[in-house]
Amino acid sequence: MREAQDRCQVNSLVETAGCSPVEGVVRWEAVHSLWNGSMLAVSLLVAPLLFSPSAFLVFLLLTGASLLLGHSVGFHRRLIHRSFDCPLWLERVLVWIGTCVRISGPFWMIRAHDLRDWAQRQAGCHDYLAHRRPMLIDAWWQMHCRLALAHPPHFDLGRAGRDPFYRFLEATWMAQQLPIAALLFLGGGWSWVVWGVCVRVSASVTGHWFVGHLAHRRGPQNWLVKDAGVQAHDVPWAAIPTMGEAWHNNHHAFPGSARIGLYPGQSDWGYIFIRLLASVGLAWKIMLPEDLQRVDALRRAPRVETPRATRAATASRSLSR
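As annotated in an unreviewed UniProt entry, the chain carries the name Acyl-CoA desaturase and comes from Sphingobium nicotianae. Entered under Subcellular location (unreviewed entry) in the UniProt record, the comment concerning the chain runs "Membrane". Recorded under Sequence similarities (unreviewed entry), the UniProt text for the chain is reproduced unchanged: "Belongs to the fatty acid desaturase type 2 family."

Printed below as a string of structure tokens:
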């Protein structure tokens, strides 16, 4: 039996005297805004003119593979939450793929995630970190701006921050699309490049924001995190395209768990892939809800008892024992 441990802490963030997630100013962030805007413009104006069945298939395959291997497993479950262990070479491959999703580099992703994670656990936080503003404002803020807190915490990225490969990825995250674009051009010309890079990047960035916005505003809930100012919701229709990440209420309840889809009918391709790695000896110490010390941190969410909800509640009770 594995030793119980809590991997639910915010790993990189260090609270400093007086730090607060409430006071801050949202400012335009030129680099990400121009990149995201240009990818969206090409996707809307150029991609329809270069559409082909093969280009669309390239878009689907690369988007699915990069979101599964890179964003869900590499960035989120391994690098950020450390919910399983694996060889360093494999971690680096998965993180490179995550960088190619093109939300940003690994250090930016860690800081952005951990700041939001920490802030949402406090009694109050800035609207930027809570996704409280209307959809169009939140979209502009999240994809084109940054929050400058008046009293920010400190970040210590630990081993990842000292890793020369990750430092290289952080400095060259946009340029990582170039070898992909070159291979796509050789395989299918400009049609494959536009759909395999620009449309993929735009869909990934926009989808990441959209699901995150919904997951903090509406939808089913099994759990409430005690004393947290922001609670999470599940977004069931997005479970497959997000590779299981859309079961966000489960994730808030058990953030250190490698498994996010916890109940019957909740698909979780990220966890399936981790189990596949484990079957060939490339993953171990896989954290599950029962390995985490979360009993005192949670209470069950009130809900209308439909037959489906009753089944989920029964599964919830079994996890809390």
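Caption draft 1: Fine view of the overall build of the chain. Along the backbone of the chain there are twelve helices and six strands. For the chain, whose C-alpha radius of gyration is 20 Å, the value lies close to the compact-globule estimate of 20 Å for 321 residues. Principal-axis analysis of the C-alpha atoms gives the chain an extent of 55 × 45 × 45 Å. Counting across all 321 residues of the chain, residues that qualify as buried make up 55%. Residue pairs in contact within the chain that sit at least 24 positions apart in sequence constitute 76% of those at least 6 positions apart. Here the chain contributes 32 positive and 22 negative side-chain charges, whose respective centroids are spaced 4 Å apart.

Caption draft 2: Inspection of unusual backbone geometry at higher detail. Of note in this structure, Arg102 is not a glycine but carries a positive phi near 75 degrees. With respect to the helices and strands, the residue Arg102 is situated in the loop between helix 3 (88-101) and helix 4 (106-120). Positive phi values are uncommon outside glycine, yet Lys285 reaches one of about 50 degrees. Examined against the element boundaries, Lys285 turns out to sit in the loop between helix 11 (269-279) and strand 6 (298-300).

Caption draft 3: Spotlight on the environment of Leu79. With respect to the helices and strands, Leu79 occurs in helix 2 (residues 53-80). Residue class for Leu79 comes out buried when judged on its relative accessible area of 7%.

Caption draft 4: Seen up close, the packing of helix 2 against helix 11. For the pair helix 2 and helix 11, interaxial distance at closest approach is 10 Å and the crossing angle is 80 degrees. The angle between helix 2 and helix 11 places the two elements in the roughly perpendicular class. Counting all contacts with helix 2, which are made through Leu68, Leu69, Ser72, Val73 and Arg77, the residues of helix 11 involved are Trp269, Gly270, Tyr271, Phe273 and Ile274. Tallied by class, the residues present in the contact of helix 2 with helix 11 amount to seven nonpolar, two polar and one charged.

Caption draft 5: Just helix 9 (residues 177-215), in detail. Counted at 1.5 Å a residue, the expected span for helix 9 with its 39 residues is 57 Å, but the 29 Å between its end C-alpha atoms falls short. The sharpest bend along helix 9 measures roughly 135 degrees and falls at Gly188.

Caption draft 6: Seen up close, the UniProt feature "transmembrane region" (unreviewed entry) in the chain. The sites that carry the UniProt feature "transmembrane region" (unreviewed entry) are, in the present numbering, residues 40-69 and 180-203. End C-alpha to end C-alpha, residues 40-69 measures 23 Å, and it is 77% helix and 0% strand. Counting secondary structure, residues 180-203 comes out at 100% helix and 0% strand; the distance between its end C-alpha atoms is 17 Å.

Caption draft 7: Spatial organisation of empty space enclosed by the protein. Tallying each qualifying case throughout the model produces one cavity of 30 Å³ or more. Approximately 30 Å³ is the volume found for the largest cavity. Of the residues that constitute the lining of the largest cavity, the class distribution is three nonpolar, five polar and one charged.

Caption draft 8: Highlighting the packing of aromatic side chains. Going through the model one piece at a time under the given rule, you end up with twelve aromatic pairs. Seen from their ring centres, Phe51 and Trp195 are 5.6 Å apart, and the 70 degrees between their planes marks the pair as edge-to-face. Remark: Trp195 occurs in helix 9 and Phe51 occurs in the loop between helix 1 (30-45) and helix 2; sequence separation between them is 144 residues. In this structure Phe51 comes out as partly exposed when scored by relative accessible area, which is 46%. The buried category is assigned to Trp195, whose relative accessible area is 11%.

Caption draft 9: Summary view of the state of the cysteines. Scanning the model with the defined rule gives zero disulfides in all. Free cysteine: Cys19, not disulfide-bonded; nearest cysteine sulfur from Cys125 at 13 Å. The structure places no disulfide on Cys145, whose sulfur is separated from the nearest cysteine sulfur, that of Cys125, by 17 Å. On the basis of relative accessible area, Cys145 is assigned to the buried category, the value being 8%.

About the cut-offs
Per-chain numbering applies: the sequence of each chain, read as written, is numbered from 1 onward. pLDDT decides what is reported in this predicted model: residues at 70 or higher carry local features, side-chain atom pairs at 80 or more are listed and counted, and totals for whole chains, interfaces and linings draw on all residues regardless. To obtain the side-chain values, all non-hydrogen atoms of the structure were included, while hydrogens and water were left out. UniProt positions are given in the numbering used here, feature names are shortened, and annotations may be inferred rather than shown by experiment. Strands here are runs of E lasting at least two residues and helices are runs of H or I lasting at least four, both read from the DSSP assignment and numbered beginning at the N terminus. In this treatment the radius of gyration is a C-alpha quantity, and the globule benchmark scales as 2.2 Å times the residue count to the 0.38 power. Using a 1.4 Å probe on the protein chains alone, a residue whose accessible area is under 20% of its type maximum counts as buried, one over 50% counts as exposed, and one in between counts as partly exposed. Two residues form a contact once any of their heavy atoms are found within 4.5 Å. Counting rule for charge: Lys and Arg are taken as positive, Asp and Glu as negative, and neither His nor the chain ends is counted. A single reference atom marks each charge: NZ on Lys, CZ on Arg, CG on Asp, CD on Glu. Between the N-to-C directions of two axes lies an angle of 0 to 180 degrees, each axis being a line fitted to C-alpha atoms and, for a helix, fitted only over the stretch in contact. Any angle that is under 35 degrees is reported as roughly parallel, and any over 145 degrees as roughly antiparallel; angles of 65 to 115 degrees are reported as roughly perpendicular and all others as oblique. Gly counts as polar in this scheme, as do all residues outside two lists: the nonpolar Ala, Val, Leu, Ile, Met, Phe, Trp, Tyr, Cys and Pro, and the charged Asp, Glu, Lys and Arg. Given a helix with a known number of residues, its expected span is that number minus one, times 1.5 Å. We define the bend at each residue as the angle formed by axes fitted to the 7 residues ending at it and the 7 residues starting at it. The distinction between a cavity and a pocket rests on a 1 Å grid over the protein atoms alone: a 1.4 Å probe fits inside a cavity but cannot get out, while a pocket stays open yet meets protein on both sides within 12 Å along at least five of seven lines, and a residue with an atom within 4 Å of a point counts as lining. Grid points are joined across faces, edges and corners, and a volume is the space filled by probe spheres set on the points. Pairing of aromatic rings covers Phe, Tyr and Trp, the last through its six-membered ring, and needs centres within 6.5 Å; plane angles under 30 degrees mean stacked, over 60 mean edge-to-face, and all others mean tilted. Note on terminology: pairs of cysteine sulfur atoms within 2.5 Å are recorded as disulfides.

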